[in-house]
Amino acid sequence: MNKVLWDALEHVKLDTGGADAKGRNSASSYVAENDEKVGCLKLVKVWHAIGHTVSDSVRVKIVTESADQVKYAANVVKAANHLSHMINRALELIDEDQYKALMDLQQRCVEKYAHVEALNAIDPLVYEGRAIMFNRQTPAHVDKQDPKRSWATMITLGDFTAGGNLRIERLNLTIRYLPRDVVILRGRLLQHEVQAWSGGRRISIAHFTHESLWKEFGMTCP
Ligand SMILES: O=C(O)CCC(=O)C(=O)O
Ligand SMILES: [Fe+2]
């Protein structure tokens, strides 16, 4: 894993449970040998409380913790810069229309929210959200806050050596998902889950956009 990103992740406080405690982020879905870190770090530029789409409900997910945590989380955002370029490019190649629509959405956010302009100065990711999961065996779920057609772009990192496949039951499909593999799927439409792995740590990073943000700007994800 990129050393800069790894070092930046060392200090951040992780969350197990939270808003998704009954879904994909249940505490029981975390598995770790020894004293490995478990939990999730959400880095989201514009976050609406569930069911809300208005600017009054907007939060920045990196500013919910102590001042030190803001500093550490900002280090992670900056260290993920290279990853963001790669993720942007992958999305642009598979679905140029959606990529362009996300760029438009980001531009609208920048015009409305100065904090988004500030965050974009250190990270060019076109998605507004990124979640970093340490040792989570993500259970079967759909990404129910995402627009129907949106592509969730996910990468695994770490040093596990076997297992950890992504299973899509409806398609009877088991996809290799080893460290450095990227999977891009319509996570709102296809239920997906991660299978057990062995041989070390597993860090997964999911990049996503939420329907509520598109609604805020009267836009539709193509
Ligand atoms: O753990 C993973 O790689 C899957 C993550 C995922 O599907 C999600 O966070 O929605
Ligand atoms: Fe998912």
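Parameters at a glance
Residues numbered from 1 in each chain as written. Chains lettered and ligands numbered in written order. Predicted model: local features only at pLDDT ≥ 70, side-chain atom pairs only at ≥ 80, totals over all residues. Heavy atoms only, no water. Pairing = 2+ DSSP bridges. Helix = DSSP H or I, 4+ residues; strand = E, 2+ residues; numbered from the N terminus. Core = buried A, V, L, I, M, F, W, Y, C linked by side-chain atoms within 4.5 Å. Buried < 20%, exposed > 50% of the residue type's maximum accessible area, 1.4 Å probe, protein only. Contact = heavy atoms within 4.5 Å. Salt bridge = Lys/Arg side-chain N within 4 Å of Asp/Glu carboxyl O. Phe/Tyr/Trp six-rings, centres within 6.5 Å; stacked < 30°, edge-to-face > 60°. Lys NZ or Arg CZ within 6 Å of the ring centre and 35° of its normal. Axes fitted to C-alpha atoms, helices over the stretch in contact; angles between N-to-C directions.

1. Here we look at the sheet that holds strand E10 (residues 193-194)
Move 1: A sheet is described by the order of its strands in space; here three strands give the open sequence E8-E7-E10, paired in antiparallel fashion. The sheet is open, and its two edges are formed by strand E8 (173-175) and E10, each paired on a single side.
Move 2: Relative to E10, strand E7 (residues 166-168) runs antiparallel, the two being bridged by two bridges. Counterpart to Arg167 in the pairing with E10 is Glu193.

2. Regarding the nonpolar core
Move 1: If you look at the biggest cluster of nonpolar residues, it comprises 41 residues, and the most contacted ones within it are Leu9, Leu41, Val76, Tyr127, Ile132 and Ile205.
Move 2: With six residues, helix H4 (residues 96-112) is the single largest residue contributor to this core.
Move 3: In this structure, Val76 is in contact with Leu5, Ala8, Leu9, Val12, Leu41, Leu43 and Ile132, ignoring residues within four places of it in sequence.
Move 4: Membership of the second largest hydrophobic core comes to 17 residues, among which are Tyr30, Ala152, Leu166 and Leu190.

3. Comments concerning the pattern of salt bridges
Move 1: Scanning the entire structure with this criterion turns up 10 salt bridges.
Move 2: For the salt bridge of Asp123 with Arg130, the shortest nitrogen-to-oxygen distance reads 3.3 Å.
Move 3: Here Glu169 and Arg167 are joined by a salt bridge, their closest N and O atoms 3.2 Å apart.
Move 4: The class for Glu169 is partly exposed, based on a relative accessible area of 47%.
Move 5: The exposure class of Arg167 is buried, given its relative accessible area of 12%.

4. Here we look at unusual backbone geometry
Move 1: Residue Asn172 is not a glycine yet carries a positive backbone phi of 50°.
Move 2: Within the secondary structure layout, Asn172 lies in the loop between E7 and E8.
Move 3: Here Asn172 falls in the exposed class, since its relative accessible area comes to 59%.
Move 4: Its identity as a non-glycine residue notwithstanding, Arg180 has a phi of 80°, on the positive side.
Move 5: Note that Arg180 resides in the loop between E8 and strand E9 (182-185).
Move 6: A residue is classified by how much of its surface remains accessible, and Arg180, at 63% relative accessible area, is exposed.

5. Some words on the packing of aromatic side chains
Move 1: Considering all chains together, one arrives at two aromatic pairs under this definition.
Move 2: Between Trp6 and Phe134 the ring centres are 6.4 Å apart and the planes differ by 35°, which places this aromatic pair in the tilted class. With Trp6 in helix H1 (residues 3-9) and Phe134 in strand E4 (residues 129-134), this pair connects stretches of sequence that are 128 residues apart.
Move 3: Centroid distance Phe160 to Trp197: 6.1 Å. Interplanar angle 55°. Geometry classified as tilted. Here Phe160, found in the loop between strand E5 (152-158) and strand E6 (162-163), pairs with Trp197, found in strand E11 (residues 197-198); they are 37 residues apart in sequence, far enough to count as distant. For the pair formed by Phe160 and Trp197, the shared burial category is buried.
Move 4: Against the face of Phe134 rests Lys37, its NZ or CZ located 5.8 Å from the ring centre.
Move 5: Above the face of the Phe217 ring, Lys112 is positioned so that its terminal group lies 5.3 Å from the ring centre.

6. Observations regarding the sheet that holds strand E12 (residues 202-208)
Move 1: Spatially, the five strands line up as an open sheet ordered E1-E4-E12-E5-E9, and their pairing is antiparallel. Each having just a single partner strand, strand E1 (39-44) and E9 make up the two edges of the open sheet. When strand polarity is set aside, the average angle formed by the axes of neighbouring strands in this sheet is 15°.

7. A look at the pairing of E1
Move 1: In terms of residue burial, E1 counts as a mostly covered element, since six of its six residues are buried.
Move 2: Note that E1 and E4 share six bridges and pair antiparallel. Bridge pairing links Cys40 to Met133 in E4.

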